[in-house]
Amino acid sequence: MAGRTAGADMTIDMEYGTGNVFADLGLPDAVGRQTKTRLALALNEIVKARKLRQVATEKLLGIPQSKVSALVNYRLDGFSVERLMGFLTLLNRDVEIVIRPSREFEI
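Small disclaimer: the values here were computed from a predicted structure and weren't measured.

Undergrad: Provide a residue-level description of the overall build of the protein chain, including the pertinent values.
TA: Broken down by element type, the protein chain carries five helices and two strands. Taking all 107 residues of the protein chain together, the buried fraction comes to 24%. Accessible area for the protein chain stands at about 8400 Å²; split by element, carbon and sulfur atoms hold 54% of it.

Undergrad: Summarise helix H4 (residues 65–72); cite the residues concerned and give the values.
TA: The complete set of buried residues in H4 reads Val 68, Ser 69, Ala 70 and Leu 71. In this fold, the buried residues of H4 make contact with helix H2 (30–49), helix H3 (54–61) and helix H5 (81–90). One or two steps after H4, the chain reaches Tyr 74, where phi turns positive at roughly 60 degrees.

Undergrad: So, unusual backbone geometry: which residues are in play, and what are the values?
TA: If you check the backbone angles, Asp 29 has positive phi at about 50 degrees while not being a glycine. On the secondary structure map, Asp 29 appears in the loop between helix H1 (21–24) and H2. Taking relative accessible area as the criterion, Asp 29 reaches 56% and is therefore assigned exposed. With a phi close to 60 degrees, Tyr 74 is a non-glycine residue in the positive phi region. On the secondary structure map, Tyr 74 appears in the loop between H4 and H5. For Tyr 74, a relative accessible area of 36% puts it in the partly exposed group.

Undergrad: Go over H2, please, and point to the residues and values.
TA: For H2, with 20 residues, the first-to-last C-alpha span of 28 Å sits near the 28 Å given by 1.5 Å per residue. For H2, every residue scored as buried is listed here: Ala 30, Gly 32, Gln 34, Lys 36, Leu 39, Ala 40, Leu 43, Asn 44, Ile 46 and Val 47. The secondary structure elements touched by the buried residues of H2 are H1, H3, H4 and H5. With its phi angle positive at about 55 degrees, Lys 51 sits one or two positions after the end of H2.

Undergrad: Any chance you could break down the side chain of Thr 57 for me, citing the residues and the numbers?
TA: Locating Thr 57 in the fold gives a position in helix H3. The contacts of Thr 57, once residues within four sequence positions are left out, are Val 47, Leu 52 and Val 68.

Undergrad: Would you mind going over the nonpolar core in detail, with residue names and values included?
TA: Among soluble globular proteins, nonpolar side chains are generally buried collectively. Counting 17 residues, the largest nonpolar core has Leu 43, Leu 61, Leu 71, Phe 79, Leu 84, Phe 87 and Leu 91 as the members making the most contacts within it. When contributions to this core are tallied by element, the ones reaching two or more residues are H2, H4 and H5. For this core, the leading source of residues is H2, giving five residues. With residues up to four places along the chain from it excluded, the contact list for Leu 43 reads Leu 71, Leu 84, Phe 87, Leu 88 and Leu 91.

About the cut-offs
- Residues numbered from 1 in each chain as written.
- Predicted model: local features only at pLDDT ≥ 70, side-chain atom pairs only at ≥ 80, totals over all residues.
- Heavy atoms only, no water.
- Helix = DSSP H or I, 4+ residues; strand = E, 2+ residues; numbered from the N terminus.
- Buried < 20%, exposed > 50% of the residue type's maximum accessible area, 1.4 Å probe, protein only.
- Areas by Shrake-Rupley, 256 points an atom, 1.4 Å probe, with all protein chains shown as cover.
- Contact = heavy atoms within 4.5 Å.
- Expected span 1.5 Å × (residues − 1).
- Core = buried A, V, L, I, M, F, W, Y, C linked by side-chain atoms within 4.5 Å.

This is the structure we're talking about:
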C-alpha cells in the first residue's frame, strides 16, 4: 500500500493482492510455492506443539538434520508437495485433497 499526504487531505493508493503472495511478487510456480508453504506451516506447527527438537524430528521424518533445518526455515526448494504430505502422515495427520471450483470462476 502506498500513501501520499498533501496538507490536511490524505490520499491512499491501494492495490489488492491475489491471495497468493508469490504470484503478487511475480515468482515462478507461485501455486506450488504457496502449497508447499502451507504444508510446511502445518508441519512446523505440529513440531512446535509437540516441542520436538531437530534430532527427534530428524528421526520421526527419516531425514538428515540439514533437511529438518531447511524445513523449519521454510527453504522448501528441496521438497516436493508429495514429500511434505508424507511428513504430515508420519506425524499422525490425515491429508485430504479437496477439488472445488476456483473462486475466480464462481458466479
